[in-house]
Amino acid sequence: MTVEGSHPGRYIEFEGPPGVDLKIDSLDLRGSGIEVVNVHPRREGDQTEIAQRATVFIPDGKLGEFLMRFEQYATELTPKGQPKNKELVDRIAAVRLATLRQLWTDDPAAYPNEQASVWWEVWLRRTGGELARFADFCTQSGIRLGLRQLAFDDRVVCLALASAEQLAPALVVVADLAELRRAKTGTAFFADLSPAGQAQWVADLVGRLTPPSPDAPAVCILDTGVNRAHPLIAPTLSAEDATAIKASWGAHDTGWGGNTGHGTEMAGLALYGDLVPVLESIDSVHLRHRLESVKILPPPGQNQNEPDMYGAVTAMAVSRPEIQAPTRSRVFSMAVTASSEGDLGQPTSWSAAVDALASGRAFDQTDEGLVFISSAEPGAHRLFIVSAGNVPFEQLAVEHLDHSDLQPVQDPAQSWNALTVGACTDKAVISDPELHAWSPISPPGDLSPWSTTSCTFEEKWPNKPEVVFEGGNVAHDGAGGVDGGLADLCLLSTGHQPLTTPFVLSHATSAATAQVARIAAIVAAEYPTLWPETLRGLVVHSARWTPRMQAAIDATPGKVNRGKLVRRYGFGVPDVSRAVRSANDALTLIVQGVIHPYSKGKMHEMHVHDLPWPAAALSVIAGQTVRLRVTLSYFIEPNPGRRGWKARHRYASHGLRLDVKNATESLPDFRKRLNKKALDPDEEKPTGGSDSADWVLGDHTRHRGSLHCDIWEGTAEDLAARNVIGIYPVSGWWREQPKRDRSAAGARYALVVSIETDEEDVDIWTPVAQQVGVPVQATEIEW
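Residues numbered from 1 in each chain as written. Predicted model: local features only at pLDDT ≥ 70, side-chain atom pairs only at ≥ 80, totals over all residues. Heavy atoms only, no water.

Quick word on the overall build of the protein chain
Here is step 1: If you tally the helices and strands in the protein chain, you get 24 helices and 35 strands.
Here is step 2: Counting only residues that meet the buried cut, the protein chain has 55% of its 783 residues in that class.
Here is step 3: Carbon and sulfur atoms make up 52% of the accessible area of the protein chain, which totals about 32400 Å². (Helix = DSSP H or I, 4+ residues; strand = E, 2+ residues; numbered from the N terminus. Buried < 20%, exposed > 50% of the residue type's maximum accessible area, 1.4 Å probe, protein only. Areas by Shrake-Rupley, 256 points an atom, 1.4 Å probe, with all protein chains shown as cover.)

Here it is, written out as structure tokens:
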């Protein structure tokens, strides 16, 4: 077989000793056409350490360049008396001619059988004409080539239906292959199965499932009810934990309006996330959180809850699980919203009720209805995770960012204390050949066309959403038609009729919200002593902007303009592994504190935290760039009457701010600067802050709402001297109304701090870990 234009060569695999990385740069000689096409770890047998393997493409006639390096190692010495190319050769334990298996970079156990015809994800080296050559090879070999491709800077990715035997000659015939992966099974595969076929996949997952313990943390779904009979839900939701605000409704999922089965759909995502990768996997699934369900929407045929009563409905719903299981830790997930046109961030009765409940306040049932209880319950703070709400279907368009920026988040997503979730998407491949005329609207890594924002809010209101998560994409046909329900662009979840439709499609900000609630519950299971404020802070702190979002942030001059992008993207996509673990090159510190902000109408107290800092490790990389990320999370008590939002009529009971000591600033000078800021009567005006130019957002832009996050970037030497962080109060209605001031009881806050470096050989975690048991020093300063 011959393919016109092919570049013959051979693939060689280099393997390093266990625990020793290969010198990849010395294997990659692009000027000679020699290219490292993939690098992957392998652990053989009972080995405890991982061996690194690199597959290198060497064009015909260029093998001598490698042989020369080995000859120099054996015969020549450097001026220091070391064998030449020692760093390269000493790190190589084995060299072998590569086969198709060496190009496989997914789980080795998942490598297909030699004769099995499967879909492969084929990554081609981008050298010019590579796709045409591979298509020619596929035609001659009887291989079916997928209709769509993705092109990156140095790679082209396509799909091919073939056996390993059919594909293996491509190593010699076209020599354009870089790596092979398993083609991802799209949502459409599972959605299109018959009920019996879906049931088989459900049974397989149930067989791999370890249910949570009865006292595990829970995600409480406030929605249309949940069908407990679904096999994937039954082990996690007991009958007594499924309730409704009206007993006559029943706790089962009857749907509401056009949202048939919405609650059960949310339940599946809150437990497993998108079901597609979970079903594809062969791994065991150990659940560490449970479900609770409160039906807050009436069954079909009954009057819907009046809009102005949604706050009362939420208050009644919260009481149900707290009475049933009063000691259980839980997060409330609510993907039910109402139009907020005209509010533009202003509090409503619903959002204020959420803020009150989150801060530990309660409502008492009286003859006059639900009455706000004036004093908060100690330790009864609650975490609400709510959806931002969706762009209306009729307004979905190719120019989706413009439309999203003009669509404000919906009530009660403007709540100060709730964690509001928007939607982003990585789903950008439509595999159905009959839909070849359709294309995804949003590119991978960008905002989902469904997601609303707070770009139209007045500056004084919170940044919403705080995070975004996968919510699916929308397709267009190039002629004005849009479709928000294409299976390949949706997620997969549990259906409320498990006998006929065990799986259903899911999308938009509802799907994103349930998945973020899952992350919060996993963190709660890992760290049961964390407060709700801290859980919210950790989830946001774990978030990162995708490369596409980061590019937009980097290309935007000025902190005010970057703040507008935060109102679109939040602080990015949260990551559960980052939220629960510190890697050696990423250190996270958590402080939970109680501050007494005011006394007799005056500022009373600020906290100065002297943090355990890896100063010695930072000095090793003194000139290298590092990042400091800080997040402050606290809950306010609301004052929702619309009376100008100034002085005694401010919405928030209190405000807190954070600041970091400058590298050249003495501790007494830092305290003086905090004192001046706290006593400034116009604390909302922009200030220079602590090296404000080095922060992504700066003092003024980050200090909105009751969650503040920012990133500083500079040298490790500079950061080593910034180990002191101050928390100080600014005005709130507690201060302006001394008779209602609850400062004496204390205001809780969570401070999350992390240091990140790109230097892989520097351990900044261990020096701090050795100080475990040494409390973080917090100096309380009173005025």
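On we go.
What about the packing of helix α14 (residues 508-526) against helix α15 (residues 532-541)?
Here is step 1: Between α14 and α15, whose axes approach to 10 Å, the crossing angle comes to 120°. Compared by their axis directions, α14 and α15 come out oblique. With respect to the hand of their crossing, α14 and α15 are arranged in right-handed fashion. Contacts between α14 and α15 involve Val 516, Ile 519, Ala 520, Val 523 and Ala 524 from the first element and Leu 535, Leu 538 and Val 539 from the second.
Here is step 2: The residue makeup of the contact of α14 with α15, split by class, is eight nonpolar, no polar and no charged. (Axes fitted to C-alpha atoms, helices over the stretch in contact; angles between N-to-C directions. Parallel < 35°, antiparallel > 145°, perpendicular 65-115°, else oblique. Left-handed = near helix turned anticlockwise from the far one by under 90°. Contact = heavy atoms within 4.5 Å. Nonpolar A, V, L, I, M, F, W, Y, C, P; charged D, E, K, R; others polar.)

Some points on the sheet that holds strand β2 (residues 35-42)
Here is step 1: As summarised here, the arrangement of the four strands in space is β2-β3-β1-β4, forming an open sheet in which the pairing is antiparallel. On the outer flanks of this sheet lie β2 and β4 (94-97), each paired with one strand and no other. Neighbour-to-neighbour, the strand axes of this sheet turn through a mean angle of 20°, independent of strand direction. (Pairing = 2+ DSSP bridges.)

Observations concerning the pattern of salt bridges
Here is step 1: The tally for this structure, following the rule as stated, stands at 34 salt bridges.
Here is step 2: Note that Asp 274 and Lys 427 form a salt bridge whose closest N and O atoms lie 3.5 Å from each other. You can see Asp 274 sitting in the loop between α9 (262-272) and α10 (275-280) and its partner Lys 427 sitting in the loop between β18 (419-425) and β19 (439-440), a full 153 residues away along the chain. No difference in accessibility class separates Asp 274 from Lys 427, as the two residues are buried.
Here is step 3: Among the salt bridges present, the one from Asp 659 reaches Arg 673, with a minimum N-O distance of 2.7 Å. Of the two residues, Asp 659 sits in strand β31 (residues 655-660) while Arg 673 sits in helix α20 (residues 667-679), which places them 14 residues apart along the sequence.
Here is step 4: Salt bridges sharing common partners tie together Asp 659, Glu 665, Arg 673, Lys 677, Asp 699, Arg 702 and Asp 710. (Salt bridge = Lys/Arg side-chain N within 4 Å of Asp/Glu carboxyl O.)

Focus: the nonpolar core
Here is step 1: Counting 71 residues, the largest nonpolar core has Tyr 272, Leu 291 and Trp 545 as the members making the most contacts within it.
Here is step 2: For this core, the leading source of residues is α14, giving ten residues.
Here is step 3: In contact with Tyr 272, not counting residues within four places along its chain, are Leu 209, Leu 232, Val 278, Val 285, Leu 287 and Arg 518.
Here is step 4: Counting residues in each nonpolar core, the second largest holds 66 residues, with Val 313, Phe 384, Ile 595 and Phe 635 among its members. (Core = buried A, V, L, I, M, F, W, Y, C linked by side-chain atoms within 4.5 Å.)

Details of a nonpolar patch on the surface
Here is step 1: There is a patch of nonpolar side chains on the surface, built from Leu 150, Phe 152 and Val 429 and spanning about 240 Å² of accessible area.
Here is step 2: Assignment of secondary structure puts Val 429 in the loop between β18 and β19.
Here is step 3: Judged by its relative accessible area of 38%, Val 429 falls in the partly exposed class. (Patch = residues over 30% accessible without salt bridge, like charges linked within 9 Å, V, L, I, M, F, W, Y side chains within 5 Å.)

Some remarks on the sheet that holds strand β23 (residues 482-483)
What holds strands together in a sheet is hydrogen bonding between their backbones, with the strands either parallel or antiparallel.
Here is step 1: The antiparallel open sheet is built from three strands, whose spatial order is β19-β22-β23. Bordering the open sheet on either side are β19 and β23, each of which pairs with just one other strand.
Here is step 2: As judged from the two bridges shared by strand β22 (residues 475-476) and β23, these two strands associate in the antiparallel manner. For His 476, the partnering residue across the bridge sits in β23 and is Val 482.

Considering the packing of aromatic side chains
Here is step 1: For the structure on display, the rule yields 13 aromatic pairs.
Here is step 2: Seen in terms of ring centroids, Tyr 11 and Phe 57 are 5.3 Å apart; in terms of plane orientation they differ by 55°. Their pairing is tilted. Taken as a pair, Tyr 11 in strand β1 (residues 9-15) and Phe 57 in strand β3 (residues 51-59) lie far apart in primary sequence, 46 residues in all.
Here is step 3: Residue Tyr 11 is classed as buried on the basis of its relative accessible area, which comes to 3%.
Here is step 4: Taking the relative accessible area as the measure of exposure, Phe 57 reaches 2% and is therefore buried. (Phe/Tyr/Trp six-rings, centres within 6.5 Å; stacked < 30°, edge-to-face > 60°.)

Concerning unusual backbone geometry
Here is step 1: Cis geometry is found at the peptide bond from Asp 411 to Pro 412, where omega equals 10°.
Here is step 2: Inspection of the secondary structure puts Pro 412 in the loop between α13 (400-406) and β18.
Here is step 3: With omega at -5°, the peptide bond leading from Lys 464 into Pro 465 counts as cis.
Here is step 4: Among the structural elements, Pro 465 can be located in the loop between β20 (446-447) and β21 (467-470).
Here is step 5: Backbone geometry places Ala 175, a non-glycine residue, at a positive phi of 55°.
Here is step 6: With respect to the element layout, Ala 175 can be found in the loop between α6 (170-173) and β8 (177-182).
Here is step 7: With a phi angle near 55°, Lys 600 is a residue other than glycine that sits in the positive phi range.
Here is step 8: In this structure, Lys 600 sits in the loop between β27 (598-599) and β28 (602-603).
Here is step 9: A relative accessible area of 77% means that Lys 600 is categorised as exposed.

A closer look at helix α17 (residues 559-569)
Here is step 1: Along α17, eight of the eleven residues are buried, which leaves the element largely enclosed by surrounding structure.
Here is step 2: Of the residues making up α17, those classed as buried are Lys 559, Arg 562, Gly 563, Leu 565, Val 566, Arg 567, Arg 568 and Tyr 569.
Here is step 3: In the core, the buried residues of α17 are packed alongside α13, β20, β21, α16 (547-554) and α21 (698-702).
Here is step 4: Count one or two residues on from α17 and you reach Gly 570, which has phi positive near 60°.

Description of α14
Here is step 1: Compared with the 27 Å implied by 1.5 Å per residue over 19 residues, the 28 Å span of α14 between its first and last C-alpha is a close match.
Here is step 2: For α14, a buried count of 16 out of 19 residues is recorded, marking the element as mostly surrounded by other parts of the structure. (Expected span 1.5 Å × (residues − 1).)

Describing the packing of helix α11 (residues 310-324) against helix α12 (residues 349-358)
Here is step 1: Between α11 and α12, the least distance of the axes is 7 Å, while the angle of their chain directions is 25°. Judged by the inter-axis angle, α11 sits roughly parallel to α12. Residues Tyr 310, Gly 311, Thr 314, Ala 315 and Val 318 of α11 form the contact with α12, whose participating residues are Ser 349, Trp 350, Ala 353, Val 354 and Leu 357.
Here is step 2: Its residues assigned to classes, the contact of α11 with α12 comprises seven nonpolar, three polar and no charged.

Let's talk about the environment of Gly 601
Here is step 1: Considering the arrangement of structural elements, one finds Gly 601 in the loop between β27 and β28.
Here is step 2: In this structure, the C-alpha to C-alpha distance between Gly 601 and Gln 737, residues 136 residues apart in sequence, is 7.1 Å.
Here is step 3: Leave out the neighbours within four places in its chain, and Gly 601 touches Arg 735 and Pro 738.

Here's the deal with the environment of Pro 498
Here is step 1: Of note, Pro 498 is situated in the loop between β24 (491-497) and β25 (501-506).
Here is step 2: Here Pro 498 falls in the buried class, since its relative accessible area comes to 17%.
Here is step 3: Spatially, the C-alpha atom of Pro 498 lies 7.5 Å from that of Ala 229, the residues being 269 residues apart in sequence.
Here is step 4: Among residues more than four places away in sequence, those in contact with Pro 498 are Asn 227, Ala 229, His 230 and Pro 231.

Quick word on the side chain of Glu 179
Here is step 1: Within the secondary structure layout, Glu 179 lies in strand β8.
Here is step 2: Given the relative accessible area of 10%, Glu 179 is considered buried.
Here is step 3: Not counting residues up to four positions away in its chain, the partners in contact with Glu 179 are Val 37, Asn 38, Leu 103, Thr 105, Glu 121, Val 122 and Trp 123.

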